[in-house]
Amino acid sequence: RGLLPPGGHVAVNLSPRQFHDPNLLTVIRDLLHTTGIQSQELEIEITESLLMENVESTITTLNELKDLGIILAIDDFGTGYSSLNYLKRLPIHILKVDRSFVMDIPYDNDDMEITAAVIAMAHKLGLKVVAEGVELAAQAEFLKENHCDYVQGYFYGKPMPVSALFENIKNLNPGQATH
């Protein structure tokens, strides 16, 4: 609909069933063709626990998606059992810090230290970081001070109907197409 700003992208969560579908690449290629978006405008998010189900097969699929030019993200990072060894082998672009670490900022020093460490580690690995579940100005400020690349949560917007979403995007990007 012409609503993506330059450099913007759409994030889509994949379930384990979707991710392990042997037709996944065909479905994604068809989706890109049907919607007209470029591969670098699509972000695929998979959970940390999904990564650990069959690591070698997962890495193969992720490499195939990366070869298409798709942005890859690990969702809910910090809640699963992935090792740093696997993390360095995965062809990903983004780590999404689980909201369970963000929700007690600024009241829980341990969560603050863990979140700051994950941001620093991800940046050292050349990854971008998204913090999930930001609901307070103090959380947003802490994440900004720790150089978190992106934030999401109710502090910025609550779930809304598609029509309201389109209106909000249009107001952020005057002159963008709305149909």
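Residues numbered from 1 in each chain as written. Predicted model: local features only at pLDDT ≥ 70, side-chain atom pairs only at ≥ 80, totals over all residues. Heavy atoms only, no water.

Engineer: Would you take a moment to explain the pairing of strand β4 (residues 94-97) for this structure?
Structural biologist: Here is the key point about a regular strand: its side chains alternate between the two faces of the sheet. In β4, alternate side chains face the same way, and those of I94 and K96 on one face and L95 and V97 on the other are all buried. Bridging between strand β3 (residues 71-77) and β4 involves 3 bridges; their strand directions are parallel. Paired with I74 across the bridge in β4 is L95. (Buried < 20%, exposed > 50% of the residue type's maximum accessible area, 1.4 Å probe, protein only. Helix = DSSP H or I, 4+ residues; strand = E, 2+ residues; numbered from the N terminus. Pairing = 2+ DSSP bridges.)

Engineer: When you look at the layout of surface pockets in this model, what are you seeing that I'm missing?
Structural biologist: A probe as big as a water molecule, rolled over the atoms, marks out the empty space that is left. Reported here for the largest pocket is a volume of approximately 1600 Å³. Considering the residues around the largest pocket, the lining is formed by 40 residues, among which H9, V10, A11, L165 and I169 are closest to the centre. Going through the elements one at a time, β1 (10-13), α2 (24-35), β2 (42-47), β4, β6 (150-151) and α9 (162-172) are the ones with two or more residues in the lining of the largest pocket. Counting residues per element, the lining of the largest pocket draws most heavily on α9, which supplies 6 residues. Residues of the lining of the largest pocket, tallied by class, amount to 22 nonpolar, 10 polar and 8 charged. Size it by volume and the second largest pocket reaches roughly 170 Å³. Around the second largest pocket, the lining residues are V12, L14, R17, Q18, D21, L24, V27, I28, L31, L42 and I44. Of all elements in the fold, only α1 (16-19), α2 and β2 reach the threshold of two or more residues within the lining of the second largest pocket. (1 Å grid on protein atoms, 1.4 Å probe; cavity = no way out; pocket = protein on both sides within 12 Å on 5 of 7 lines; lining within 4 Å. Points joined across faces, edges and corners; volume = space filled by probe spheres on them. Nonpolar A, V, L, I, M, F, W, Y, C, P; charged D, E, K, R; others polar.)

Engineer: Hey, could you run me through the packing of α2 against helix α4 (residues 55-67) in this one?
Structural biologist: Angle between the axes and distance between the axes: these two values describe a pair of packed helices. Two elements in contact, α2 and α4, have axes whose closest approach is 11 Å; the angle formed by their N-to-C orientations is 20°. Between α2 and α4, the crossing angle belongs to the class labelled roughly parallel. By crossing handedness, the relation of α2 to α4 is classed as right-handed. Residues L24, L25 and I28 of α2 form the contact with α4, whose own contacting residues are T61, E64 and L65. Here the residues of the contact of α2 with α4 are counted per class, giving 4 nonpolar, 1 polar and 1 charged. (Axes fitted to C-alpha atoms, helices over the stretch in contact; angles between N-to-C directions. Parallel < 35°, antiparallel > 145°, perpendicular 65-115°, else oblique. Left-handed = near helix turned anticlockwise from the far one by under 90°. Contact = heavy atoms within 4.5 Å.)

Engineer: I'm lost on the packing of aromatic side chains in this one. Help?
Structural biologist: Geometry of an aromatic ring pair is reported as the spacing of the ring centres plus the angle between the planes. For the coordinates displayed, the defined rule picks out 1 aromatic pair. Plain terms: the ring middles of F155 and Y156 are 5.1 Å apart, the flat faces sit at 90° to each other, and that makes the pair edge-to-face. Owing to a relative accessible area of 48%, Y156 belongs among the partly exposed residues under this scheme. (Phe/Tyr/Trp six-rings, centres within 6.5 Å; stacked < 30°, edge-to-face > 60°.)

Engineer: Could you clarify how one ought to interpret α2 in this entry?
Structural biologist: Structural remark: α-helix, 3.6 residues per turn; residues separated by three or four positions point the same way. Here α2 is 12 residues long and its end C-alpha atoms lie 16 Å apart, about the 16 Å a rise of 1.5 Å per residue gives. One or two steps after α2, the chain reaches G36, where phi turns positive at roughly 80°. (Expected span 1.5 Å × (residues − 1).)

Engineer: How should the pattern of salt bridges be read in this particular structure?
Structural biologist: Side-chain pairing between opposite charges can occur once the charged atoms of the two side chains come close. Applying the stated criterion across every chain yields a total of 4 salt bridges. Between R99 and E135 there is a salt bridge, and its shortest N-O distance comes to 3.3 Å. Pair noted here: R99 is in helix α6 (residues 99-102) and E135 is in the loop between β5 (128-131) and α8 (137-145), with a separation of 36 residues, a long-range link. The partly exposed category is assigned to R99, whose relative accessible area is 35%. (Salt bridge = Lys/Arg side-chain N within 4 Å of Asp/Glu carboxyl O.)

Engineer: Whenever I open this one, the sheet that holds β5 confuses me. Can you help?
Structural biologist: Working definition: the strands of a sheet are paired by backbone hydrogen bonds and lie parallel or antiparallel to each other. Across the sheet, 6 strands lie side by side as β1-β2-β3-β4-β5-β6; this open sheet has parallel pairing. Bordering the open sheet on either side are β1 and β6, each of which pairs with just one other strand. In this structure, β1 lies alongside β2, joined through 4 bridges in parallel fashion. Residue pairing for β2: V10 is matched across the bridge by L42. The strands touched by helix α7 (residues 109-124) within the sheet are β3, β4 and β5, with β4 carrying the most contacts at an inclination of about 175°.

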